[in-house]
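# Notes for the structure review
Listed here are the chains, written in short residue letters.
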Amino acid sequence: MKKLFAKKNTAIIDKDRLPKHIAIIMDGNGRWAKKRGLARSAGHYAGSERFRSAAKYLQKLGVEHFTVYAFSTENWKRPEDEVSGIFSLLEKYLYEAIDDLKDDNIVLSFWGDLSPLSPKLVELIEQTDRLSAKNDGMHVNICLNYGGRAEIVRAVRSVAEDCASGAIDVSDIDDKLIDSRLYSKNTPPPDLLIRPGGETRISNFLLWQLAYSEMYFTDTLWPDLTDDKLEKIIIDFQQRNRRYGGL
Ligand code: IPE
Ligand code: IPE
Ligand code: MG
């Protein structure tokens, strides 16, 4: 009897009120590996597999934009072998993405300063750009060598250059103009930010774009954040009242 009651009250996702844009800080890979007595690299591998599955799940659900934090401007502080391991995983992912992009129908973009990346990685990213141009499915944005502050500095420089050249007037500067100079141009801001891994901070992610995002922090480590858990988080999001400063 109890079971029936519980089942009857099990909330399900309202497909008409899906978050259009979900952003995730994919944190906790290292601790996931440590808990199992494995090398941190095993955690990054598990995290990359979780990302691929989560993208498939969210696309099937009908989410339009999915943005993930893969490597921050601060992550260069890590030991060299960990950094090179993360970039090797990225290379592997890109090769597989190139094979799968046509069927997956995702529009893959990379947000961040790609200039320090190896020529091989840059070439693979350019290839995914060309293939993505033919797709019209979910937009997947991978933030790589990304920092929210660096993104804002880049936008400010671009606006300042246009002011100096006379292309725009100082009075033309508004929210919309700044938006258009960010990596996220043409993308609505995240409705929902999820941070697994137990930390309750932003760590320099999407500083401009998160102004009115709903935040969800969980102790679950990223490789353990299953589709079922994502479903529960979306249901939680749908029960919130977003006021944007109004009543
Ligand atoms: C997130 O997991 C992945 C990157 C930052 C590249 P971590 O590597 O930060 O995992 P923890 O926080 O040490 O567990
Ligand atoms: C944030 O995680 C960056 C990514 C997940 C790519 P970190 O592990 O680098 O963040 P901090 O150091 O705990 O703030
Ligand atoms: Mg971490």
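A quick note: this is a predicted structure, and the numbers were derived from the prediction, not measured. Here, residues in each chain are numbered from 1, in the same order as that chain's written sequence. Chain letters and ligand numbers both follow the written order, the letters beginning at A and the numbers at 1. Reporting of local features is limited, given that this is a predicted model, to residues whose pLDDT is at least 70; pairs of side-chain atoms are given and counted only at 80 or more, and all residues count toward the totals for whole chains, interfaces and linings. Computation of side-chain values covers all heavy atoms of the structure but excludes hydrogens and water.

## Here we look at the packing of helix α3 (residues 40–61) against helix α4 (residues 80–104)
Here is the rule we go by: Angular values range over 0 to 180 degrees, each being the angle between N-to-C directions of two axes fitted as lines to C-alpha atoms, with helices fitted over their stretch in contact. Secondary structure counts use DSSP, requiring at least four H or I residues in a row for a helix and at least two E residues in a row for a strand, with both numbered from the N terminus. Angles below 35 degrees are treated as roughly parallel, those above 145 as roughly antiparallel, those between 65 and 115 as roughly perpendicular, and all remaining angles as oblique. Each crossing gets its handedness from the near helix: less than a right angle anticlockwise from the far helix is left-handed, clockwise is right-handed. Two residues form a contact once any of their heavy atoms are found within 4.5 Å. Note that Gly is not counted as nonpolar here; it falls among the polar residues with everything else outside the nonpolar set of Ala, Val, Leu, Ile, Met, Phe, Trp, Tyr, Cys and Pro and the charged set of Asp, Glu, Lys and Arg.
Relative to each other, α3 and α4 sit at 25°, their axes nearing to 10 Å. When the axis of α3 is compared with that of α4, the two are roughly parallel. By crossing handedness, the relation of α3 to α4 is classed as right-handed. Between α3, through R40, H44, Y45, S48, E49, F51, R52, K56 and Q59, and α4, the contact on the second element is made entirely by E82, I86, L89, K92, Y93, E96 and D104. Split into classes, the residues belonging to the contact of α3 with α4 amount to five nonpolar, three polar and eight charged.

## Some thoughts on the site of ligand 1
The criterion, for reference: For this purpose, a residue is taken to be near a molecule or strand whenever a single non-hydrogen atom of the residue falls within 4 Å of it. Polar contacts, as counted here, are pairs of nitrogen or oxygen atoms within 3.5 Å of one another; within protein the pair requires one atom able to donate a hydrogen and one able to accept it, and residues that are adjacent in sequence qualify only if both atoms are side-chain atoms. Each accessible area is a Shrake-Rupley result for a 1.4 Å probe, and residues are judged covered by the shown protein chains and nothing else. Grid points spaced at 1 Å over the protein atoms alone were grouped into cavities, where a 1.4 Å probe fits but cannot get out, and pockets, open sets with protein on both sides within 12 Å along at least five of seven lines, with lining residues defined by an atom within 4 Å of a point. Molecule-in-pocket calls rest on the fraction of atoms, with more than half required to lie within 2 Å of the cavity or pocket grid points.
Contacts to ligand 1 come from 13 residues, most closely from D27, G30, R31, R40 and R78. A distance of 3.4 Å is found between an oxygen atom of ligand 1 and a backbone nitrogen or oxygen belonging to G28. The separation between an oxygen atom of ligand 1 and a polar side-chain atom of R40 is 2.9 Å. In isolation ligand 1 offers 380 Å² of accessible surface; the protein chains occlude 87% of this area. Most atoms of ligand 1, that is more than half of them, are within 2 Å of grid points of the largest pocket. Per-element tally for the shell around ligand 1: the top contributor is helix α2 (residues 29–35), with three residues. Classifying every residue of the shell around ligand 1 gives three nonpolar, five polar and five charged.

## Focus: the sheet that holds strand β4 (residues 139–146)
As a reminder of what qualifies: Strand pairing is assigned whenever DSSP detects at least two bridges linking the two strands.
With parallel pairing, six strands are arranged side by side in an open sheet as β3-β4-β2-β1-β5-β6. Two strands bound the open sheet, and with one partner strand each, they are β3 (107–111) and β6 (214–217). Direction aside, neighbouring strands of the sheet carry axes that sit 20° apart on average. The pairing of β3 with β4 spans five bridges and is classified as parallel. Paired with F110 across the strands is I142, a residue of β4. Running over the sheet, α3 touches β1 (21–25), β2 (65–72) and β4 and is turned about 165° from β2.

## Some remarks on the pairing of strand β5 (residues 192–195)
The line we're drawing: Each residue gets one of three labels from its accessible area relative to the maximum for its type: buried under 20%, exposed over 50%, partly exposed in between, using a 1.4 Å probe on protein chains only.
Here β5 shows a buried face lined by L192 and I194 and a second buried face lined by L193 and R195. Summarising the sheet, β5 and β6 pair through four bridges and their orientation is parallel. Bridge assignment links R195 to a residue of β6, and that residue is F217.

## With respect to the layout of surface pockets
The condition is simple: Grid points are joined across faces, edges and corners, and a volume is the space filled by probe spheres set on the points.
Considered as a void within the structure, the largest pocket measures approximately 680 Å³ in volume. Of all elements in the fold, only α2, α3, β2, α4 and β4 reach the threshold of two or more residues within the lining of the largest pocket. Residues belonging to the lining of the largest pocket are distributed by class as follows: 13 nonpolar, nine polar and eight charged.

Note that all results are geometric; they support no functional claim without further evidence.
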